[in-house]
Amino acid sequence: MGAEKKQFVVFRLDNEEYGADINKVTIIERPMNITRVPMTPHYIKGVINLRGDIIPVMSLRLRLGLDEIDEDENTRIIIFNINGISFGAIVDSVSEVLQFDDSQIEGVSSIISDKALDYISGVAKAKDKLVTLLNLEKLIAELIPA
Amino acid sequence: MDMNQYLDVFVEEAKEHLQNLNISLLELEKEPNNVTVLNEIFRVAHTLKGMAGTMGFSRMTNLTHNMENVLDALRSKKIEADITVVDTLFKCLDALEGYVNEIISTGGEGEQEYEEIVQSLTDILDKSPEAKAQPKKKKAGKKADDSNANQKDKGLRLNLNIYDKNVIQKAIEESLNVFQIYVELDNKCLLKSARAFLIFQILDKYSEIMKSEPSVEDIEDERFDYSFTVMVVTKHDETLFQKELNSVAEVRNVEVVRITEEHTEDIQDEEGDKYTQDDKHDTADIDSAAQAQKPGAAKRLTNKTVRVDIDRLDVLMNLVSELIIIKTRLDDVGVGEKTNEFIAALENLERITTSLHDAVMKVRMVPVENVFNRFPRMVRDISKELKKDIVLHMSGEETELDRTVIDEIGEPLIHIIRNSADHGIENTKDRVAKGKSKTGSIWLRAYQDGNNVVIEVEDDGMGIDIEKVRKKIVEKGFEEEEVAANMTQSEVIEYLFKPNFSTADKVTDLSGRGVGLDVVKTKIEALGGTIELETEWGKGSKTIIRLPLTLAIIQALLVMVGSEKYAIPLSSIREINNISPAEIKNVRNQEVILLRDMVIPIIWLHDVLEVPREKSYANKKELTCVIVKKGDKLSGLIVDSLIGQQEIVIKSLGKLLSGIRCMAGATILGDGNVALIVDVNAIV
């Protein structure tokens, strides 16, 4: 079995770099008008009009327990599609697309045991940096009615 | 050719026929001697048999065949359409529906044999030996016909040309057999090309098809009458083809002729064709004669309609929605430099988009009859089961509703009607004792009311004992005793729609009433409708369901709440009033206003939508109050200002945000921004 290579979209939140499976990324958008939706968790910023489709958008900073910052020219909204459910996530900036094979990815259990951090699926070691890989399903799990 | 492409047609048509069967059987029960009805039932059973046979559903064919025998005996008055017969026929109908449902979900008819039904069909026939002999005789006659036809004409039907001649000669040299096979289908055959496909499959198995008249393409497209002729090269002999092809259902005549070198001798030029052409004339005559035999009604009325996948209509509807959004946008961008011409063009565009929307909507409309027509049978069954005398009166079956609504509304209605029959209508003894007519009545009515369609279910049964419900509210701990005691009738009735309201308590005669009513309510509200219940103890109850005509595009009032725009569906708005803050009174911790002697509760949209209220509101001279109605209940929504009326396209908020109660969706405004649609039913 050869090492399986996977591509990840790498983006920045605060001082850390995170990665998301590129197969689950639909498109990356510049910030646009967001309409607030009442009665939603605090990290849901509202909905956007993405070429005729209404897509909910969350602040990934708030979702991961970081403080919100003002948007600047680097701010992006990454639109994900997970099992047919579309949503956007606001990130500080999107840096690059990286390829990791399985040997570069460290399983999550060996690093952390904190249950609150279960939206992390692993950590990838690139040459000069560490990239935290996100478990995207977990990010929205609590929003999906059983 | 693939059988699957016929499956949809089969299912659609089978459903229609079963529906007809249902209606006719109900009529037969009322008038057992009505020959027209009997003929109709026979026709339907026969058609179904043919269709099932064509598709290779042998169990279904078997059942319908047995039905036919009984029906035939009925028609010839060998037996009477008594209660056992009708009941058995109803059972057949259920079994057939079972088959069709199985076909819908799995593509095959399943394993269920319904032996006991077939047995009871035969039992019915056994009662009159005469009738039993009859179908046999008929069969024998048919066989004789066939053999007659076989001997009739040995000439060649095919138009052989010089190429065919070469093929034939070559085949004969290799000591293979060449046959001309002429197949004539029964003129009642519905899926001709599917039937032809089966035949071609058999031919393919045993031989190589060299030539076909009409061409295979024409046959596939059903461009042929009831017969076709093929030339095959094979190592098998004629008897095999006779046997195999005659075993296919709905084949009226098979004629296998060996083509020898004699036949090809005179093929050199066109002259050789003359003989065969003459023959072809004959065939054509037979065909037209066969067609003339058919009653005029056989040319079905559906000829001018097209079956369209609902998904395609959805796509069309979406495109219309996009168009309306763009139109609204055009309306907005021109601000300032609008010339008269621009405005005129825009108005024209608006007219067209509105008509387009109406047209697409109409295409999606289906009469409620499609849902209603299963109820007579249901009520009949319930009344038999419960030994109550119940009659169902229906009206307004032609009222039309959006297809998606039609698909969803069946279940809730079944529930309500069952409730009426089961718990509403008293048994005959009680009815007589109360001085009511022996027969209980349930009315099912549909009619259009503005932008809504109203469906009412009314019964003249015992109604609901409000005091019992009131007690239960307290028992179940929903409210304190004194609060419950002060509630109005309609407030009490509201509790019947609450989840878990009456499931546990089986002791009272209320049990059942209210079970699942919360599910009914949820369903209706999910469709954008409302449900109300009126009742009078001892006299009966009435359930009123209001449904929107369309789901996708509505007229709405755009309002500002704080700095945000929201849309309120115009259909739920009664009026708009300016009120002064001083008019707001507090009653039992609820803000209300008095409007023309009516007490109307006030809801601040700010609070519902989590928008901070302006602190200075008390100093404001005027507040804008949108009076909305939910059923017959009015409420006042306070907003900051009005923007105007607009046609909006409802878009879903998506799965992630589907749990939000007070939002009915979102819409895209002319400037590309999103505005949320307030779900009036959920907040008042």
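Below, the structure is looked at part by part. (Residues numbered from 1 in each chain as written. Chains lettered and ligands numbered in written order. Predicted model: local features only at pLDDT ≥ 70, side-chain atom pairs only at ≥ 80, totals over all residues.)

## Concerning the overall build of chain B
Right, on to step 1. Within chain B one finds 24 helices and 22 strands.
Right, on to step 2. For chain B, buried positions account for 33% of its 684 residues.
Right, on to step 3. Pairs at least 24 apart in sequence give 69% of the contacts found in chain B among residues at least 6 apart. (Helix = DSSP H or I, 4+ residues; strand = E, 2+ residues; numbered from the N terminus. Buried ≥ 20, exposed ≤ 12 C-beta atoms within 10 Å, placed from the backbone. Contact = placed C-beta atoms within 7 Å.)

## Describing the sheet that holds strand S17 (residues 598-604) of chain B
Residue and element names in this part refer to chain B.
Right, on to step 1. Taken together, the six strands give an open sheet; going across it, the order is S14-S18-S19-S17-S16-S15, and neighbouring strands pair in mixed fashion. Two strands bound the open sheet, and with one partner strand each, they are strand S14 (573-579) and strand S15 (585-587). Direction aside, neighbouring strands of the sheet carry axes that sit 40° apart on average.
Right, on to step 2. Looking at chain direction, S15 and strand S16 (residues 590-595) are connected through three bridges and run antiparallel. Within the sheet, the bridge partner assigned to Asn 586 lies in S16 and is Glu 591. (Pairing = 2+ DSSP bridges. Axes fitted to C-alpha atoms, helices over the stretch in contact; angles between N-to-C directions.)

## Some details on the interface of chain B and chain A
In many reports, interface size means the accessible area that the parts give up when they come together.
Right, on to step 1. Listed per partner, the contact involves 23 residues of chain B and 21 residues of chain A.
Right, on to step 2. Along the lines of polarity and charge, the residues of the side of chain B that touches chain A split into 12 nonpolar, six polar and five charged. (Nonpolar A, V, L, I, M, F, W, Y, C, P; charged D, E, K, R; others polar.)

## Structural notes on helix H13 (residues 310-333) of chain B
All names here are of chain B.
Right, on to step 1. With 24 residues, H13 should reach 34 Å at 1.5 Å per residue; the first-to-last C-alpha distance of 35 Å fits that figure.
Right, on to step 2. Taken together, the buried positions of H13 are occupied by Met 317, Val 320, Ser 321, Ile 324, Ile 325 and Thr 328.
Right, on to step 3. Where the residues of H13 are buried, they touch helix H14 (340-363), strand S12 (553-561), strand S20 (641-649) and strand S21 (663-668). (Expected span 1.5 Å × (residues − 1).)

## A closer look at the packing of helix H3 (residues 58-75) of chain B against helix H4 (residues 83-106) of chain B
Residues and elements named next belong to chain B.
Right, on to step 1. Contact geometry of H3 with H4 gives a least axis separation of 11 Å together with a crossing angle of 160°. One finds that H3 runs roughly antiparallel with respect to H4. Of the two elements, H3 crosses H4, and the hand of that crossing is left-handed. Of the residues in H4, those touching H3 at Arg 59, Met 60, Leu 63, Met 67 and Val 70 are Val 85, Leu 89, Cys 92, Ala 95, Leu 96 and Tyr 99.
Right, on to step 2. Its residues assigned to classes, the contact of H3 with H4 shows 10 nonpolar, no polar and one charged. (Parallel < 35°, antiparallel > 145°, perpendicular 65-115°, else oblique. Left-handed = near helix turned anticlockwise from the far one by under 90°.)

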